[in-house]
Amino acid sequence: MVGNELKGKTDFFAGAVVNPGADTEAAFELQIIKMEKKMAAGANFFQTQGIYDPEAFAKFVKRVEQYKVPILAGVIP
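Presented here is an overview of the structure given in this document. Computed from a prediction, not measured in an experiment: that's the story for all the values here.

## Considerations on the pairing of strand β2 (residues 45–50)
Relative to β2, strand β1 (residues 15–18) runs parallel, the two being bridged by four bridges. Across the sheet, residue A16 finds its bridge partner in β2, namely F46. A crossover links β1 with its parallel partner β2, the connecting element being helix α1 (residues 25–40), and its sense is right-handed. Sheet topology note: the β2/strand β3 (residues 71–74) ladder contains three bridges and is parallel.

## Side note on the packing of aromatic side chains
Within this structure, the stated rule accounts for two aromatic pairs. Ring plane angle 5° and centroid distance 5.7 Å describe the contact between F13 and F45, whose orientation is recorded as stacked. One end of the pair, F13, is in the segment before β1; the other, F45, is in strand β2, with 32 residues separating them in the sequence. Residue F45 is classed as partly exposed on the basis of its relative accessible area, which comes to 21%. Ring centres of F28 and F60 lie 6.1 Å apart, and the angle between their planes is 90°; this geometry places the pair in the edge-to-face category. Separated by 32 residues along the polypeptide, F28 in helix α1 and F60 in helix α2 (residues 54–64) bring together distant segments of the chain. In terms of burial, F28 and F60 fall into one category: buried.

## So, the side chain of Q31
When you line up the elements, Q31 lands in helix α1. From its side chain, Q31 meets the backbone nitrogen of N19 in a polar contact 3.0 Å long. Setting aside residues no more than four positions away along its own chain, Q31 makes contact with V18, N19 and A22.

Criteria and thresholds
- Residues numbered from 1 in each chain as written.
- Predicted model: local features only at pLDDT ≥ 70, side-chain atom pairs only at ≥ 80, totals over all residues.
- Heavy atoms only, no water.
- Pairing = 2+ DSSP bridges.
- Helix = DSSP H or I, 4+ residues; strand = E, 2+ residues; numbered from the N terminus.
- Right-handed = clockwise from strand over helix to strand, strands pointing away.
- Phe/Tyr/Trp six-rings, centres within 6.5 Å; stacked < 30°, edge-to-face > 60°.
- Buried < 20%, exposed > 50% of the residue type's maximum accessible area, 1.4 Å probe, protein only.
- Polar contact = N/O pair within 3.5 Å; in protein donor to acceptor, adjacent residues only side chain to side chain.
- Contact = heavy atoms within 4.5 Å.

And the structure:
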């Protein structure tokens, strides 16, 4: 920062966004592919877009549970 050398490494916990509310099966699978790419790039957790359909969210969580990555459900008050 401002030309100062960083001593040591950071402890960032990188995350990414995912949309579990895709409206077609193809769009749903595309979200999974994007999620896999984000994990390969270093994402350690995911924050979803706002959840409006709990059943669709449950389907999504079931589909991605194999990745064992935390998912924060987006709640919009």
